[in-house]
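Fold and contact review
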Amino acid sequence: MKEEIIIAGFGGQGVLSMGKILAYAALMEGKEVTWMPAYGPEQRGGTANVTVIVSSDPISSPILSTYDTAIILNQPSLEKFEPKVKPGGTLIYDGYGINNPPTRTDINVYEINAMDAAAEMNLIKTFNMIVLGGLLHIHPIVGIESVLKALRKTLPERHHKLIPQNEEAIRKGMEIIKIKNS
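The following refers to the structure shown.

1. Things to note about the layout of surface pockets
Here the largest pocket defines a volume of roughly 970 Å³. Gly12, Gly14, Ser17, Lys125 and Asn128 are, among the 31 residues lining the largest pocket, the residues nearest its centre. Top contributing element to the lining of the largest pocket by residue count: helix α1 (residues 15-28), with five residues. For the lining of the largest pocket, the per-class residue count stands at 16 nonpolar, twelve polar and three charged.

In structure tokens:
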């Protein structure tokens, strides 16, 4: 098993933390992992992306030019990374930040209305966990228990009281993701 993932959006959307939590969860399950963040000079509001590779075998290089899965949270990222999803791969996007939805027909495209769900739940800061839940529903790369352990490891202790809300958000994401084509 090997999954090469790009998560891309604006800084402040939790892109880097989503990748970090996924990477920690995979490490806790004994998998091989790389986590490679990239962001512009403005962490909040600038573009940000992170490449995560999860594999059962050693990973030869963390640098990728194509991806099995792309999680896209804004229009500039869609324009940049949609062409780089491997044929037969997966693209997950939140409709909130997208004006022109994905058009490829040789990949599986899923929409997750994570921003709307986070607003309805009154938990805007769990937006990225809703998206992560959608990914885990489509590709159960790691278990939810591992993700919750990773949250405990990556969140400052003063925020541990928010872990139940993050779990609720992950489960919500698993429920609301829907395929747009196949």
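2. Some remarks on the packing of aromatic side chains
Within the structure shown, the criterion is met by one aromatic pair. Judged by centre distance (6.0 Å) and plane angle (80 degrees), the rings of tyrosine 67 and phenylalanine 81 are edge-to-face. Of the two residues, tyrosine 67 is situated in strand β4 (residues 67-72) and phenylalanine 81 in helix α2 (residues 75-81); the sequence distance between them amounts to 14 residues. Each of the two residues, tyrosine 67 as well as phenylalanine 81, counts as buried.

3. What about the sheet that holds strand β6 (residues 108-111)?
Taken in spatial order, the seven strands make up an open sheet running β2-β3-β1-β4-β5-β6-β7, and their pairing is mixed. Either end of the sheet is taken by a strand with one partner, and the two such strands are β2 (32-39) and β7 (178-179).

4. Let's talk about helix α4 (residues 127-138)
The terminal C-alpha atoms of α4, which comprises twelve residues, lie 17 Å apart, in line with the 16 Å expected from a rise of 1.5 Å per residue. The buried count for α4 comes to eleven of twelve residues, which makes it a mostly enclosed element. Buried residues of α4: Phe127, Asn128, Met129, Ile130, Val131, Leu132, Gly133, Gly134, Leu135, Leu136 and Ile138, and no others.

5. Comments concerning helix α6 (residues 163-176)
The terminal C-alpha atoms of α6 lie 20 Å apart, and with 14 residues this matches the ideal 20 Å at 1.5 Å per residue to within 8%. Buried residues of α6: Ile163, Asn166, Ala169, Ile170 and Gly173, and no others. Here the buried residues of α6 occupy an arc of 110 degrees about the axis, which is enough to place them on one side. Counted as exposed and oriented over 90 degrees from the buried face of α6: Pro164 and Glu175.

Conventions we followed
Residues numbered from 1 in each chain as written. Predicted model: local features only at pLDDT ≥ 70, side-chain atom pairs only at ≥ 80, totals over all residues. Heavy atoms only, no water. 1 Å grid on protein atoms, 1.4 Å probe; cavity = no way out; pocket = protein on both sides within 12 Å on 5 of 7 lines; lining within 4 Å. Points joined across faces, edges and corners; volume = space filled by probe spheres on them. Helix = DSSP H or I, 4+ residues; strand = E, 2+ residues; numbered from the N terminus. Nonpolar A, V, L, I, M, F, W, Y, C, P; charged D, E, K, R; others polar. Phe/Tyr/Trp six-rings, centres within 6.5 Å; stacked < 30°, edge-to-face > 60°. Buried < 20%, exposed > 50% of the residue type's maximum accessible area, 1.4 Å probe, protein only. Pairing = 2+ DSSP bridges. Expected span 1.5 Å × (residues − 1). Arc of directions from axis to C-beta.

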